[in-house]
Amino acid sequence: MDTLSEIDTHPNPSFSVPPTPPNTMETTPSPQSLPIIDISPFLDPSSPPSTCQQTAIATNRACIDYGFFYLTGHGIPISKLDQVISLARQFFALPVAEKNKIKRHDAGGPEGGDGARGYQAMGENITLGRRDVQEAVDLYREWDHSEKGVAAGGEGTYKTLQGPNLWPEQPEELKEVYLDYIDQLMKVGEAIVRAMGVALNLGKPVEGADKNTEDEEVFVRNTNKSFWVMRMIGYPKLETPLVEGGDVTEFSCGEHTDYGCVTLLLADPTPGALQVLLKTGKWLNADPIPGAFVVNIGEMIERWTNGLWKSTRHRVIHRGDGYRVSVPFFYEPNFKALVKPLRKCVERTGGEMVHEGNTYGDHLLGKVFNNFYSEVID
Ligand SMILES: N=C(N)NCCCC[C@H](N)C(=O)O
Ligand SMILES: O=C(O)CCC(=O)C(=O)O
Ligand SMILES: [Fe+2]
């Protein structure tokens, strides 16, 4: 029987970064598909260790080979998932003036302004110097203004990422449905990072462990106040004609890696939009499977594992039918979590640290500024 100790040592890890292929439309033909992970053993406290171990082994394999997988067994009913997509679709169908009621504030400026929460019009997001052809709403964990040292910039003003969420007023039931959905996702996110700690064979938790103790609960402890992001995204169909053999120059979302721990992506059934970069250098369509999430690991997991698990590049090119809607949920470290390579992972990867470490909050602030204020080429 497979045991974790047989597979956790990664005797011959490959650390090469996959080559970035040219921006052509070449994708890997089906039938290749991402692995499927059943997370249910980690959500049910009564499940026997052997079923948890099977999930952990599959998770380790998926994270090494793809950095992406489909997630089943999460317990959130399909009716709820459909409702979440449908409400996002209804919001994006509203007149621009209605959507702009929750327009995100400017992040810099003398007035401060939270700058990250709220509605972003078409083209406001920048990736790799190009404007993404999408509109979106970002919701984050509520900022805890009672904590010392993180007070708002002054009366009525907020720093980037602080301040209240700007919730859509229409459709009316959106906020309640999403708050409940977020509660459910937090449990699923926790179960995934718990499985990841087991998958990495970091060892049983010891009495008196603190946040930085490197046992199998280290990710759980550093996400217990996850600075999560819920993002509703609307993608119109890309219209610029494609030149045969030419580069793709227009993206629904440009090539990137996600910032934090694990992304749980819920998308409408549109095929051929989300593409994942394989180790072979080819792009794979990660089409939705009804009732399953597409999950991928973010940069903080790559850093914690010292590159044993890579945060895989992906992009969205929506040239199919209709207006595509997706609602990714980013289950992230705590804002103040110090994220640096785990000693055990450094040892397994030849002793060199891939990063000296900083807090997730500082990492995220850099990303948010880049996203809204970096230069656009052309
Ligand atoms: N929170 C996350 N991961 N959002 C998705 C990021 C999409 C790429 C972004 N424009 C960038 O350039 O980073
Ligand atoms: O819409 C999608 O399928 C993926 C979006 C994405 O990768 C992101 O927002 O980070
Ligand atoms: Fe992403």
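The rules behind each value
- Residues numbered from 1 in each chain as written.
- Chains lettered and ligands numbered in written order.
- Predicted model: local features only at pLDDT ≥ 70, side-chain atom pairs only at ≥ 80, totals over all residues.
- Heavy atoms only, no water.
- Donors = N, O, S within 2.8 Å, 3.2 Å for Na, K, Ca; no water.
- Helix = DSSP H or I, 4+ residues; strand = E, 2+ residues; numbered from the N terminus.
- Buried < 20%, exposed > 50% of the residue type's maximum accessible area, 1.4 Å probe, protein only.
- pLDDT = per-residue confidence, 0-100.
- Contact = heavy atoms within 4.5 Å.
- Expected span 1.5 Å × (residues − 1).
- Arc of directions from axis to C-beta.

A word on the coordination of the iron ion (ligand 3). Looking at the iron ion (ligand 3), one finds its protein donor set to be His256 (NE2), Asp258 (OD) and His314 (NE2), positioned 2.1 to 2.2 Å from the metal centre. Read from N- to C-terminus, the donor residues coordinating the iron ion (ligand 3) fall into the pattern H-x1-D-x55-H. Within this pair, whereas Asp258 is found in the loop between β8 (253-256) and β9 (262-267), its partner His314 is found in strand β13 (residues 314-316), the two being separated by 56 residues in sequence. We note that Asp258, like His314, is buried.

Turning next to the confidence of the model for the protein chain. Do not read the fine detail of predicted coordinates wherever pLDDT is low. For the protein chain, the average pLDDT comes to 89, and 87% of its residues sit at 70 or higher. Note on residues 1-19: pLDDT under 50 across the span, and 31 contacts to partners over four residues away in sequence or across chains. Here residues 148-155 is a poorly scored stretch, pLDDT under 50, and it has 16 contacts once near neighbours within four places are set aside; other chains count. For this predicted complex, the interface confidence reaches an ipTM of 0.97, while the overall pTM sits at 0.90.

Given a rise of 1.5 Å per residue, 15 residues ought to cover 21 Å, and the 21 Å separating the end C-alpha atoms of helix α4 (residues 78-92) matches this to within 8%. Every buried residue of α4 is listed here: Lys80, Leu81, Val84, Ile85, Leu87, Ala88, Phe91 and Phe92. Here the buried residues of α4 occupy an arc of 160° about the axis, which is enough to place them on one side.

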